[in-house]
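Topology and contacts: notes
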Amino acid sequence: MLSAIGGFVDIGDLVAASQAGARFGMAHAWVLLLGVVGICAYAEMAGRIAAVSGRAVFDLVRERLGPRVALLNLAASYLVTVLTLAAELGGVALALQLASRVSYLLWVPVAAFAGWLVLWRMRFQLMERVFGLAGLTLLVFALALFWLPTDWAALGHGALHPGTAGQGWGAYWFVAVALFASTVSPYEVFFFSSGGVEENWSAADLADARSSVLIGFPVGGLLALSLVATAAVVFHPGGVSLSTLDEVARPVVLAFGGVGLAVAALAFFAVTFGAALETGLSAAYAAAQYFGWQWGKRVSPREAARFHSVLLVSVLAAMLLLFTTVDPVRLTEYMLVASAVVLPLTYLPILIVANDRTYLGDDVNGPWLNLLGAVFLLVIVAASVAAIPLAVGTGMGR
């Protein structure tokens, strides 16, 4: 649930999904469907690798592909993950600003310290349950659709007949790439795989791992789709483009008033804080697994000093980036472009390792999963190649 709510739905989805709905209606619903199918396929591979081999994905990437290729993967994924961590902490601070009306910059060090403290002291399963389940408050957006004057036929027609809504195909495809990147962020599979090792998965846990994937991520997809739909209902008729979390919350406020605002603020806090926990751990997981250090949230700082040091440095770097006063929403947009660019470096190694009998024996991918993985990898490469030209050519979709 934490992988789905704090990973699939995070600051990237709050921004990208709401902007997509406001500007293009339901025209990007297919992107979410594609993202759910893809992340389910690759998360299942990552979980199976962890359960059968007892080792995390990044731990095997260096061994399978060699130190040079793995170092390129590490450098790219670490930089993007820290950038994502900064965006998530910015999202936490914006959620607290929404609830308190105190400037988000004052909340940034509080969010960073709270995140580090939870990662240092809270048990993994408790962390997973508290923030994963709290993120389900995002269901308030789905409920808002039934209170708002929703034209369900129009929403369905918009999803089945996508168009540019007069904003141009360049902007349409930029938003599509950004939304796609938000659904398959690199840290998601690293966290899922490493979390499986943290929880001591074995081959006997394969069914549980698959159910986590096949239930959790579709739930996250439905929550993201509700963000698109509510923005489409409230903002799209007027052609409004969203730029703040206050605006993202407005459909819920229109439906439920002050109570809706409080629930939305809690939902934003839960999903961004959960994602901050994931990204902080993922940055430390990747570095420690590449260099062969002792790692794990369950391992004390004395026994895994380098792992915990990377975790702390990553949180501090993310906090310092926010202290430049960069707008967290704009930072999120740039983060999504960077994520799209490095996606092949994350997903190609997973597909390779998932077909290696040295690690998985008879539990390697079957032909249908390989076909799905290969097709999805082509989509990832296309998104990676198109991300920067679309960002430059459209002025970040403006």
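These numbers come from a predicted model, not from an experiment.

Reading the values: rules and limits
Residues numbered from 1 in each chain as written. Predicted model: local features only at pLDDT ≥ 70, side-chain atom pairs only at ≥ 80, totals over all residues. Heavy atoms only, no water. pLDDT = per-residue confidence, 0-100. Helix = DSSP H or I, 4+ residues; strand = E, 2+ residues; numbered from the N terminus. Salt bridge = Lys/Arg side-chain N within 4 Å of Asp/Glu carboxyl O. Buried < 20%, exposed > 50% of the residue type's maximum accessible area, 1.4 Å probe, protein only. Phe/Tyr/Trp six-rings, centres within 6.5 Å; stacked < 30°, edge-to-face > 60°. Lys NZ or Arg CZ within 6 Å of the ring centre and 35° of its normal. Polar contact = N/O pair within 3.5 Å; in protein donor to acceptor, adjacent residues only side chain to side chain. Core = buried A, V, L, I, M, F, W, Y, C linked by side-chain atoms within 4.5 Å. Contact = heavy atoms within 4.5 Å. Expected span 1.5 Å × (residues − 1).

A low pLDDT score tells you not to read the predicted coordinates there in detail. Per-residue confidence for the chain gives a mean pLDDT of 88; residues scoring 70 or more make up 98%. Helix 1 (residues 2–8) is the least confidently modelled element of the chain, averaging 55 in pLDDT, while helix 14 (residues 305–322) averages 94, the highest of any element.

If the charged atoms of two oppositely charged side chains come close together, the side chains can form a pair. A full pass over the atoms with the stated rule returns 8 salt bridges. For R55, the salt bridge goes to D59, with nearest N and O atoms at 3.1 Å. For D362, the salt bridge identified is with R357, shortest N-O distance 3.3 Å. R357 shares its class with D362; the two are exposed. One connected set of salt bridges, linked through shared partners, spans E44, R48 and R210.

Moving on, we come to the packing of aromatic side chains. Applying the stated rule across the entire model yields 20 aromatic pairs. Note on F269 and F273: the rings are 5.2 Å apart at their centroids and 15 degrees apart in plane angle, and the pair reads as stacked. Placement of both F269 and F273 in helix 13 (residues 245–291) is noted, with a separation of 4 residues, approximately one turn of the helix. Here the aromatic rings of F291 and W293 are separated by 5.1 Å at their centres, their planes lie at 15 degrees, and the arrangement is stacked. Members of the aromatic cluster, each reached through a chain of ring pairs, are F24, W30, W169, Y172 and W173. Positioned above the aromatic ring of Y290, the side-chain terminus of R62 is 4.6 Å from the ring centre. Residue placement shows R121 over the ring face of W120; its charged tip is 5.2 Å from the ring centre.

Looking at the secondary structure, you find T183 in helix 10 (residues 169–183). For T183, a relative accessible area of 0% puts it in the buried group. For T183, the side chain forms a polar contact with the main-chain oxygen of F180, separated by 2.7 Å.

Here G35 is to be found in helix 3 (residues 29–53). It is 32 Å that separates the C-alpha atoms of G35 and F113, two residues lying 78 residues apart in sequence.

Here the focus is the nonpolar core. When a protein is soluble and globular, its nonpolar side chains tend to lie buried together. Among the nonpolar cores identified, the biggest contains 140 residues, and Y42, L138, F268 and Y347 are the most heavily contacted of them. No other element matches helix 13, which puts 20 residues into this core. Contacts of Y347, omitting those with residues within four sequence positions, involve I39, Y42, V184, S185, V189, L377 and I380.

Between its first and last C-alpha, helix 3 extends 36 Å over 25 residues, near the 36 Å set by a 1.5 Å rise per residue. With 19 of 25 residues buried, helix 3 is to be regarded as a mostly interior element. Just beyond helix 3, the residue with positive phi is G54, at close to 75 degrees.

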